[in-house]
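# Results of the structural survey
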There are 2 protein chains.
Amino acid sequence: MVKSAPVCKSESIGEYVEDVISSLPPDERIIELSEFLEAFGDSSRIKILLALSKHELCTCDISAITGLSVSAVSHQLRVLRDKKIVKYRRDGRNVFYSLDDEHVAAILETAMKHIRERR
Amino acid sequence: MVKSAPVCKSESIGEYVEDVISSLPPDERIIELSEFLEAFGDSSRIKILLALSKHELCTCDISAITGLSVSAVSHQLRVLRDKKIVKYRRDGRNVFYSLDDEHVAAILETAMKHIRERR
DNA sequence: AACATACTTGAACAATTGTTCAAATATGGT
DNA sequence: ACCATATTTGAACAATTGTTCAAGTATGTT
């Protein structure tokens, strides 16, 4: 049996490679995961999320707190809404946003711990 | 006292806005946070990290496991190294990678829980 | 109905991203 | 010294991103 692709020796030797492959979730799930975590990869959104971790806030408040334009905030809130990272409720003219669940706060918390400890 | 900027009423009413502002970390810390979490926002990197959460692996093994080219893997490993998300050690011709600490695995775990529960 | 406030949206734009390909570097074996 | 293997790197490219600006929708007040 001839190997067509040029692969390294350790790959042929280590049978753990097969084990790892079969332990991976399907691509679809991996894409879902990365699209969710992608939302945390921007400083404007992190600022918004940190603010929301303290208090339920309307779009305009978030703009005042973060220093971003109302439009920029709204665009980012749409991203966060679509990815089910924040939830919202309308109250009169205002729309109030809050974190979707405890996992979102947990990720921010763990990430901050990592940053703090890696110095 | 006149307000120069056009801000919404709820911002003027709610004194919590000031509280939230002062609770936010400095911008520098927020950028650090987002740059760290940015690394989780790509399906190739997530695949690599999930693989590494199972086993220490060399570049070539990661390529075989993920189906990405060796070059693409190496470029992504550089990103993950720079952000202190993976660590590495050279052994002969191979360079073996592993997750930097338990926080990295924790973030992946929490994110997977979120995905699973939000359906 | 007319107006002000709160928010959302779409188009446009510069800036950044991830991959490929070719070339370079590093290590070990002969 | 030479060759093969393992990995890294740089340039190039299409694709995606986040912001701004202007225009839109939604709600409450008069």
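Preceding this paragraph is the structure being described.
Residues numbered from 1 in each chain as written. Chains lettered and ligands numbered in written order. Predicted model: local features only at pLDDT ≥ 70, side-chain atom pairs only at ≥ 80, totals over all residues. Heavy atoms only, no water.

Around DNA strand C, 28 residues are found, and the nearest of them are Arg78 and Tyr97 of chain A together with Lys9, Ser44 and Gln76 of chain B. Protein-proximal atoms of DNA strand C, defined as those within 4 Å of the protein, fall in sugar or phosphate at a share of 71%. Ser44 of chain B has a polar side-chain atom sitting 2.4 Å from a phosphate oxygen of DNA strand C. Elements with a minimum of two residues in the surface near DNA strand C: helix 5 (59-66), helix 6 (70-82) and strand 3 (94-99) of chain A together with helix 4 (43-52) and helix 6 (70-82) of chain B. With six residues, the top contributor of residues to the surface near DNA strand C is helix 6 of chain A. Grouping the amino acids of the surface near DNA strand C by side-chain chemistry returns eight nonpolar, 11 polar and nine charged. (Near = heavy atom within 4 Å. Polar contact = N/O pair within 3.5 Å; in protein donor to acceptor, adjacent residues only side chain to side chain. Helix = DSSP H or I, 4+ residues; strand = E, 2+ residues; numbered from the N terminus. Nonpolar A, V, L, I, M, F, W, Y, C, P; charged D, E, K, R; others polar.)

Leu37, Phe40, Leu49 and Ile85 of chain A together with Leu37, Phe40 and Ile85 of chain B are the most contacted members of the largest nonpolar core, which totals 73 residues. Setting aside chain neighbours within four positions, we find Phe40 of chain B in contact with Ser34 and Leu37 of chain A together with Ile46, Leu49, Ile85, Val104, Ile107 and Leu108 of chain B. (Core = buried A, V, L, I, M, F, W, Y, C linked by side-chain atoms within 4.5 Å. Buried < 20%, exposed > 50% of the residue type's maximum accessible area, 1.4 Å probe, protein only. Contact = heavy atoms within 4.5 Å.)

The next subject is the packing of aromatic side chains. Summed over all chains, the structure comprises four aromatic pairs over all chains. Relative to Phe40 of chain B, the ring of Phe36 of chain B lies with its centre 5.5 Å away and its plane at 75°, an arrangement referred to as edge-to-face. By the burial criterion, Phe36 of chain B is buried, and Phe40 of chain B matches it. In this structure, Arg81 of chain A packs its charged tip against the face of Tyr88 of chain A, placed 5.0 Å from the ring centre. (Phe/Tyr/Trp six-rings, centres within 6.5 Å; stacked < 30°, edge-to-face > 60°. Lys NZ or Arg CZ within 6 Å of the ring centre and 35° of its normal.)

Here the focus is the protein's contact with DNA strand D. Among the 29 residues in the neighbourhood of DNA strand D, the closest are listed as Lys9, Ser44, Ser71 and Gln76 of chain A together with Tyr97 of chain B. A distance of 2.7 Å separates a base oxygen of DNA strand D from a polar atom in the side chain of His75 of chain B. Between DNA strand D and the protein, one listed contact pairs a sugar or linking oxygen with a side-chain N or O atom of Asn94 of chain B at 2.9 Å. Going through the elements one at a time, helix 4 (43-52) and helix 6 of chain A together with helix 5 (59-66), helix 6 and strand 3 (94-99) of chain B are the ones with two or more residues in the surface near DNA strand D. If one sorts the elements of the surface near DNA strand D by residue count, helix 6 of chain B sits on top with six residues. Here the surface near DNA strand D is composed, by residue class, of nine nonpolar, 11 polar and nine charged.

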